[in-house]
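Take a look at the letters that make up each chain.
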Amino acid sequence: SLSSDTEEAVVSTQSTGDSIWSVAWARSEKDNTENIVTGGVDDLVKSWNWRDEFLDYKSTLKGHQLGIVSVTINTAGTVAASSSLDSTIRLWDLDSSKQIKSIDAGPVDCWSVAFSPDGQYIGSGSHSGKINLFGIESGKLEQSLDTRGKFIMSIAYSPDGHYIACGGIDGIVCIFDLATGKLLHTLEGHAMPIRSLIFSPDSQLLTTCSDDTSIKIYDVQHANLIGTLSGHGSFVLCVDFCPDNTHFATSSSDRKVKVWDAGMRRCVHTFSEHKDQVWGVAYNDNGSKLVSVSDDKDIIIYDCPI
């Protein structure tokens, strides 16, 4: 019954020029700067700083030719990666706002991108059902993991670096062992595309969300389904785990952002601030704040209710 506090929970709303499809938030190990990166329907990646409870526009990272599908920031908080409908992955130095390199992801567009926890690789899903791992230093394809499945829409590394998981347009989740490159588990929990998935900070749980409006939590080691959560009224587009290892947040086409308790397997808070579908949601590094981005062109930052 925290719903009455929603208004007070919104710390900052920033309107941008176009629909926003993706967001990432990380603290730089170099100087403790809070970096937020957004990307969307226009071909621009935007870099922001969160300071003194205010979202400060920093710079526009130019280079992509088409819309930005996915943005992410490395664990060190210093380098951003973006993938675009133009079939390239670009790496950006967040300090200088300069492009480090452009990686050609091949003739079919790459979809979501994720940094390996050690920052040495960037993983990307592909239309051919392969996870492609590109070397950050080399800028080249170093390894391919084949799901033998359909178009991969979402991808996530486990924070301990042992696993990589991906979600397909066919609703199937694959978990690979990174040391051996072997497919460990195939999970057929969803009937529709999996837009996003995330490991818990302790790498024990995997949370997936889908166009079937449900969220599923799996035990990674045994590949057991722990629970199925419902509450969103439409496609669930993004999920991010809280650093507290207990809560996670989801965003949906129903225009809502929800915070869930993984242990209790229930929704503990709903934010209803956006006026259109909410494509992205991300926690800050200590879980005290959340950011969400939407087709309504707004970036909204919330105080976490828990």
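All figures in this text were calculated on a predicted structure; none of them were measured in a lab. (Residues numbered from 1 in each chain as written. Predicted model: local features only at pLDDT ≥ 70, side-chain atom pairs only at ≥ 80, totals over all residues. Heavy atoms only, no water.)

### Concerning the packing of aromatic side chains
Point 1. Tallying each qualifying case throughout the model produces 7 aromatic pairs.
Point 2. Residues F271 and Y302 carry aromatic rings whose centres are separated by 4.2 Å and whose planes lie at 25 degrees to one another, so their mutual orientation is stacked. Residue F271 is found in strand β25 (residues 266-271), and its partner Y302 is found in strand β28 (residues 298-303); the two are separated by 31 residues along the sequence.
Point 3. Judged by its relative accessible area of 1%, F271 falls in the buried class. (Phe/Tyr/Trp six-rings, centres within 6.5 Å; stacked < 30°, edge-to-face > 60°. Helix = DSSP H or I, 4+ residues; strand = E, 2+ residues; numbered from the N terminus. Buried < 20%, exposed > 50% of the residue type's maximum accessible area, 1.4 Å probe, protein only.)

### Looking at the sheet that holds strand β26 (residues 278-283)
Point 1. Strands sit in the order β1-β28-β27-β26 across an open sheet of 4 strands; the sheet is antiparallel. This sheet does not close on itself; its edge strands, each paired only once, are β1 (10-15) and β26. Strand-to-strand twist in this sheet, taken as the mean axis angle between neighbours without regard to direction, amounts to 15 degrees.
Point 2. Of the pairings in the sheet, the one linking β26 to strand β27 (residues 289-294) comprises 5 bridges and is antiparallel in character. Looking at β27, one finds that A282 is bridged to V291. (Pairing = 2+ DSSP bridges. Axes fitted to C-alpha atoms, helices over the stretch in contact; angles between N-to-C directions.)

### Brief notes about the sheet that holds strand β8 (residues 88-93)
Point 1. What the 4 strands build is an open sheet, ordered β6-β7-β8-β9; its pairing is antiparallel. Edge positions in the sheet fall to β6 (68-73) and β9 (98-104), since each of these pairs with one other strand and no more. On average, each strand axis in the sheet is tilted by 20 degrees relative to the strand beside it, whichever way the strands run.
Point 2. Pairing of β8 with β9 involves 6 bridges; the strand directions are antiparallel. Opposite R90, over in β9, you have S102 as the bridge partner.

### As for the confidence of the model for the protein chain
Point 1. Of all residues in the protein chain, 96% attain a pLDDT of 70 or more, and the chain-wide mean is 93.
Point 2. The low-confidence segment residues 1-6, where pLDDT is below 50, has 9 contacts with residues more than four positions distant or belonging to other chains. (pLDDT = per-residue confidence, 0-100. Contact = heavy atoms within 4.5 Å.)

### Quick notes on empty space enclosed by the protein
Point 1. Enumeration according to the criterion identifies 1 cavity of 30 Å³ or more in this entry.
Point 2. Around the largest cavity, the lining residues are T16, G17, D18, S19, I20, T38, G39, G40, D42, L44 and K46.
Point 3. Within the lining of the largest cavity, the residues separate by chemical class into 2 nonpolar, 6 polar and 3 charged. (1 Å grid on protein atoms, 1.4 Å probe; cavity = no way out; pocket = protein on both sides within 12 Å on 5 of 7 lines; lining within 4 Å. Points joined across faces, edges and corners; volume = space filled by probe spheres on them. Nonpolar A, V, L, I, M, F, W, Y, C, P; charged D, E, K, R; others polar.)

### Examining unusual backbone geometry
Point 1. Its identity is not glycine, yet S87 carries a phi of approximately 70 degrees, on the positive side.
Point 2. By the secondary structure assignment, S87 is in the loop between β7 (79-84) and β8.
Point 3. The phi angle at S203 is positive, at roughly 65 degrees, despite the residue not being glycine.
Point 4. Assignment of secondary structure puts S203 in the loop between β18 (194-199) and β19 (205-210).
Point 5. On the basis of relative accessibility, which here comes to 3%, the residue S203 falls in the buried class.

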